[in-house]
Amino acid sequence: NYRVDDKESIQKDIVRHVEYTLARTRLNFTNFHAFQATAHSLRDRLLERFNDTHTLFTDKDVRRVYYLSLEFLVGRSLRNAACNMGLQEAYTQALAEMGYSLESLYDEEKDAALGNGGLGRLAACFMDSLATQNYPAWGYGLRYTYGMFEQKIYKGEQIEVPDNWLTNGNPWEVERLDVQYHVSFYGHVEATTDHTTGTTRHEWIPGDKVIACAFDTPIPGYNTRNTLNIRLWASRPSKEFDMELFNKGDYMGAVGARQKSENLTSVLYPNDNTYSGKELRLKQQYLLVAATLQDIIRRFKKGDVPMALFHTKVTIQLNDTHPALGIPELLRILIDLEGMTFLEAWAVVSKTYNYTNHTVLPEALEKWPVPLLESLLPRHMQLIYDINLHLLREVEAKWPGDIAAMNELSIIEEGYDKRVRMAHLALFGSSYVNGVAQLHSELIKDTIFARFHAMWPDRFQNKTNGVTPRRWLAQANPLLNTLITELVGSPDWVCDFSLISGIKEFATNEDVQQKWMAVKLDNKRKLADLVYKLLGIEVDPHMMFDVHVKRIHEYKRQLLNILGVIHRFHRLSEMGDDELDHVVPRCVFFGGKAAPGYFLAKRIIKLIHNVANVVNADPRVSKYLKVVFIPNYNVRMAEVIIPASDISQHISTAGTEASGTSNMKFVMNGGLIVGTEDGANIEIVQECGEGQHFIFGLKACEVEKARCTSRTTVNPRPGDFRFGAVLASIEQGMFGPVAEFQPIINSLRGANDRYLLQADFAAFLAAMKQAETVYTNKAEWARRSILCTGSMGKFSSDNTIKQYAEEIWKVEPLGLDLASDE
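Residues numbered from 1 in each chain as written. Predicted model: local features only at pLDDT ≥ 70, side-chain atom pairs only at ≥ 80, totals over all residues. Heavy atoms only, no water.

### Examining the pairing of strand 18 (residues 586-591)
Burial within strand 18 is extensive, with 6 of its 6 residues counted as buried. The alternating pattern of strand 18 places Arg-586, Val-588 and Phe-590 on one face and Cys-587, Phe-589 and Gly-591 on the opposite face, and all of these are buried. Pairing between strand 17 (residues 544-549) and strand 18: 6 bridges, direction parallel. Following the sheet pairing, Val-547 is matched in strand 18 by Phe-589. Pairing between strand 18 and strand 19 (residues 625-630): 6 bridges, direction parallel. Bridging from a neighbouring strand, Phe-589 pairs with Val-628 of strand 19. You can see the chain leave strand 18, run along helix 23 (residues 599-617) and come back into strand 19, and the turn it takes is right-handed. (Buried < 20%, exposed > 50% of the residue type's maximum accessible area, 1.4 Å probe, protein only. Helix = DSSP H or I, 4+ residues; strand = E, 2+ residues; numbered from the N terminus. Pairing = 2+ DSSP bridges. Right-handed = clockwise from strand over helix to strand, strands pointing away.)

So, in structure tokens, the structure goes:
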């Protein structure tokens with residue numbers, strides 16, 4: 001007996017929440033109150049569906065997927081919930097009669113600050129696809145009070161301030177006061193030996209405890225009643241208030257334990273440049289896995305399956321190595337609490353977990369100091385040593401006496417500062433490990449995990465990332481949604497994205513091209529309006545919109561882009577009026593956050609702003625070149641920026657980007673790529689056809705040779721005169737005090753140029769020139785845009801999740817709609 005979804009019933013539900021949830025009168029509530037009441041009325045319907053979905057999975061006793069991720073970048077939920085539940089039209093009409101616009105209410109919602117970049121957005125897309133395809137699954141993460149940070153820009157510098165996304169509450173979440181678990185830290189381990197059997201039992205005596213409290217966020221599937229859940233843990237003290245200290249006058253001490261405990265889930269990715277920062281980050285990771293495993297085991301034990309068969313009902317996916325402590329934690333539970341032997345427990349653990357790797361950069365693989373783990377999680381460190389011994393025995397059996405193989409594969413990195421290699425722990429403790437693009441999956445087998453691949457080749461798979469077309473096309477680009485539905489002849493493409501190929505036959509249709517480009521121009525106007533509102537910068541929507549929005553990092557090469565902008569500025573400054581008349585006007589958009597402790601990335605942000613100040617202030621050049629940095633890039637911003645792009649830049653050094661997902665979103669929305677042969681760019685080009693995008697630069701197989709050349713070069717000055725001229729203009733102070741940017745200049749000298757900006761600079765400029773040439777041919781540009789969007793069927797996260805389900809998790813879909821039909 002679901003709530004009725006007609007207009008009058010929806011209106012009654014909204015008014016009921018205005019009066020009884022928000023304590024407002026029906027004659028006195030603002031747009032924000034209307035948003036909250038609307039969200040609560042939708043949540044009511046979501047909870048009905050979630051409870052039935054969960055009951056169905058329990059009744060059918062299915063194997064469930066548990067997706068563990070430190071990030072879930074879900075963005076705003078109102079539009080997504082209304083669209084996925086098929087209620088957008090009903091809510092639009094109901095609210096219109098009450099004097100409110102559903103579209104305007106979307107802007108009242110803040111982004112949920114539960115992630116930073118691609119890792120978290122991927123997790124959110126996966127949960128959407130799991131629900132849409134009726135797979136039995138749960139997501140688990142942490143409920144960060146302040147997110148990572150809100151990015152402010154002051155005089156071109158990034159300033160980090162708390163992201164107070166929970167200030168006005170979160171109408172989508174449900175606090176589960178009945179779901180709380182103790183999580184332990186520190187202490188010591190006591191061993192007792194049974195002399196009759198000779199077995200030794202270990203008991204961890206913790207030195208500190210916190211309580212993990214559950215907050216649930218329902219995730220609706222599209223065109224199905226199935227609704228899944230992301231359960232987020234918030235840390236609370238095991239002892240709320242110390243009355244003894246309070247009575248002694250130590251008022252701060254009386255509440256100190258609460259503050260210390262709540263700090264655990266205050267901020268995503270605390271700065272780990274200090275010991276205390278490392279400890280806090282490790283505590284976060286253990287809190288996630290300890291609370292989650294207690295919850296999973298509680299649910300598992302409602303059935304009558306023995307713990308020895310735990311893996312037949314549970315499969316856990318590790319989204320990167322952040323949740324890898326779940327491996328020794330499950331081992332601890334099975335040995336210390338369930339009484340299994342090590343080998344019995346390991347057989348269960350290694351059949352339960354699977355691991356997704358997200359990097360090919362050795363320095364990006366997590367490693368934790370052994371002393372830190374011994375102090376914080378003493379029993380787990382003992383078990384990690386046991387796991388490592390088990391691993392090394394297998395290595396010895398395969399390669400007797402090969403010390404090099406042992407050193408390379410060992411979970412413990414030996415040396416003065418011994419560390420635990422979390423990727424090695426995750427890989428050895430999992431049934432399967434997968435990369436996230438074809439190139440990436442091959443690279444990890446050939447480089448960072450080459451010995452593991454030689455040892456266990458069948459463990460390695462590829463699962464190319466995908467994004468949900470519902471959020472990133474149907475919702476973010478409603479005008480294009482309407483046009484595609486008209487061309488395909490059905491809205492079914494939204495949940496069967498292979499049908500998008502139907503638009504390719506219209507790629508050369510002049511009438512369709514005009515409609516397609518009219519949609520693009522409308523989206524560009526929306527972005528221009530946003531930029532003016534935020535920054536006061538006027539942007540002509542008829543300019544080519546060149547977009548580079550990502551986390552700021554050296555390997556993503558925002559620096560290469562801004563150096564190219566400087567070169568273009570010099571060229572335009574030298575041109576006569578006749579030459580300028582033939583120039584394609586371009587606006588270059590940047591966006592992204594630098595990690596708080598990443599000094600050079602922050603210098604790059606400063607350089608971008610200083611270049612923008614010079615370029616945009618030039619009365620002659622600014623008609624042909626604008627530079628805009630959009631602060632605090634997040635999902636809300638992406639939903640405006642991505643549909644507006646003409647070209648987007650994905651220019652990481654070949655072999656450094658695991659996959660990327662923003663490239664997929666841009667092309668789905670009719671944008672073309674300027675990019676390197678890296679990550680998913682390669683597969684996008686394969687699907688769209690050679691020559692449709694603008695690909696340049698070194699290949700992954702050429703990178704190391706180029707680095708060797710830069711290391712051995714006698715002349716540290718740049719070889720390309722244009723590159724040298726750009727650096728010289730920075731050194732001459734054209735864009736601000738030289739001292740501010742000297743670290744950037746130094747990073748580009750000879751062997752310091754690790755990400756090969758100089759080597760790719762000429763090819764980058766050539767690719768940009770080629771893009772401009774094609775852009776002047778409007779019919780050709782429209783043809784490529786339509787063709788490439790129509791070629792993106794492979795990159796739906798629905799497709800990726802289906803591969804995970806069939807080839808890794810071994811789970812079957814089970815839908816409420818299907819069950820009711822039976």
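### A closer look at the sheet that holds strand 11 (residues 353-356)
Ordered by their spatial adjacency, 9 strands build an open sheet running 5-8-9-2-1-10-11-15-16, and the pairing between neighbours is mixed. Two strands lie at the open edges of the sheet, namely strand 5 (174-185) and strand 16 (460-462), each paired on one side alone. The average angle at which neighbouring strand axes cross in this sheet is 25 degrees, direction not considered. Bridging between strand 2 (residues 137-142) and strand 9 (residues 227-237) involves 4 bridges; their strand directions are parallel. Counted as the bridge partner of Gly-139 is Ile-230 from strand 9. The sheet strands contacting helix 9 (residues 275-300) are strand 1 (64-68), strand 2, strand 5, strand 8 (208-220), strand 9, strand 10 (314-319) and strand 11, and the helix crosses strand 5 at an angle near 115 degrees. (Axes fitted to C-alpha atoms, helices over the stretch in contact; angles between N-to-C directions. Contact = heavy atoms within 4.5 Å.)

### Examining the layout of surface pockets
When its volume is computed, the second largest pocket comes out at roughly 610 Å³. Around the second largest pocket, the lining comprises 20 residues; the ones closest to its centre are Arg-76, Arg-79, Asp-107, Arg-636 and Val-640. Elements supplying a minimum of two residues to the lining of the second largest pocket: helix 5 (102-106), helix 18 (469-475), helix 20 (510-535) and helix 24 (635-644). Per-element accounting of the lining of the second largest pocket gives the leading share, 6 residues, to helix 20. (1 Å grid on protein atoms, 1.4 Å probe; cavity = no way out; pocket = protein on both sides within 12 Å on 5 of 7 lines; lining within 4 Å. Points joined across faces, edges and corners; volume = space filled by probe spheres on them.)

### Observations concerning the packing of helix 10 (residues 326-337) against helix 13 (residues 378-398)
Viewed as axis vectors pointing N to C, helix 10 and helix 13 meet at an angle of 95 degrees, and their least axial separation amounts to 9 Å. For the element pair helix 10 / helix 13, the angle class is roughly perpendicular. Residues Ile-327, Pro-328, Glu-329, Leu-331, Arg-332, Ile-335 and Asp-336 of helix 10 form the contact with helix 13, whose participating residues are Arg-379, His-380, Leu-383, Ile-384 and Ile-387. Here the contact of helix 10 with helix 13 is built from residues that sort into 7 nonpolar, 1 polar and 4 charged. (Parallel < 35°, antiparallel > 145°, perpendicular 65-115°, else oblique. Nonpolar A, V, L, I, M, F, W, Y, C, P; charged D, E, K, R; others polar.)

### What to know about unusual backbone geometry
Phi at Ala-23 is positive, roughly 60 degrees, even though this residue is not glycine. Mapped onto the elements of the fold, Ala-23 is located in the loop between helix 1 (7-20) and helix 2 (31-60). If you check the backbone angles, Asn-223 has positive phi at about 60 degrees while not being a glycine. Note on placement: Asn-223 falls in the loop between strand 8 and strand 9. On the accessibility criterion, Asn-223 (61% relative accessible area) is exposed.

### Focus on the side chain of Ser-441
Positionally, Ser-441 belongs in helix 16 (residues 438-446). Only 2.6 Å separates the side chain of Ser-441 from the side chain of Asn-462, close enough to count as a polar contact. In this structure, Ser-441 is in contact with Gly-435, Val-436, Gln-461 and Asn-462, ignoring residues within four places of it in sequence. (Polar contact = N/O pair within 3.5 Å; in protein donor to acceptor, adjacent residues only side chain to side chain.)

### Observations concerning helix 31 (residues 778-789)
With 12 residues, helix 31 extends 17 Å between its outermost C-alpha atoms, agreeing within 8% with the 16 Å of an ideal straight helix rising 1.5 Å per residue. Listed in full, the buried residues belonging to helix 31 are Trp-781, Ala-782, Arg-784, Ser-785, Ile-786, Leu-787, Cys-788 and Thr-789. (Expected span 1.5 Å × (residues − 1).)

### Points about the packing of aromatic side chains
One pass over the structure, following the stated rule, counts 24 aromatic pairs. Measuring from centroid to centroid gives 5.5 Å for Phe-696 and Phe-764, while their planes differ by 50 degrees, and the two rings are tilted. Here the residue Phe-696 occupies a position in the loop between strand 22 (694-695) and helix 27 (700-712), and Phe-764 occupies one in helix 30 (residues 757-775), the gap between them amounting to 68 residues. Under the relative-accessibility criterion, Phe-696 is labelled buried at 5%. For Phe-764, a relative accessible area of 2% corresponds to the buried category. Taken together through their ring pairs, the aromatic side chains of Phe-50, Tyr-66, Trp-138, Tyr-140, Tyr-181 and Trp-233 make up a single cluster. Over the ring of Trp-399 we find Arg-451, and its NZ or CZ is 5.2 Å from the ring centre. If you follow Lys-778 out to its NZ or CZ, it ends over the ring of Tyr-775, 3.6 Å from the centre. (Phe/Tyr/Trp six-rings, centres within 6.5 Å; stacked < 30°, edge-to-face > 60°. Lys NZ or Arg CZ within 6 Å of the ring centre and 35° of its normal.)

### Description of the pattern of salt bridges
Applying the stated criterion across every chain yields a total of 55 salt bridges. Of the charged contacts in the structure, one is a salt bridge between Arg-586 and Asp-546, with a shortest N-O distance of 3.4 Å. In this pair, Arg-586 is assigned in strand 18 and Asp-546 in strand 17, connecting sequence segments 40 residues apart. Using a relative accessible area of 6% as the deciding quantity, one classes Arg-586 as buried. Its salt-bridge partner being Arg-620, residue Asp-577 comes within 3.2 Å of it at the nearest N-O pair. (Salt bridge = Lys/Arg side-chain N within 4 Å of Asp/Glu carboxyl O.)

### Topic: empty space enclosed by the protein
Applying the stated rule across the entire model yields 5 cavities of 30 Å³ or more. In this structure, the largest cavity spans a volume of roughly 210 Å³. Class assignment of the residues belonging to the lining of the largest cavity gives a composition of 10 nonpolar, 4 polar and 3 charged. Lining the second largest cavity we find Lys-550, Lys-556, His-650, Ile-651, Ser-652, Glu-657, Ser-659, Gly-660, Asn-663, Asp-678, Gly-679 and Asn-681. Along the lines of polarity and charge, the residues of the lining of the second largest cavity split into 1 nonpolar, 7 polar and 4 charged.

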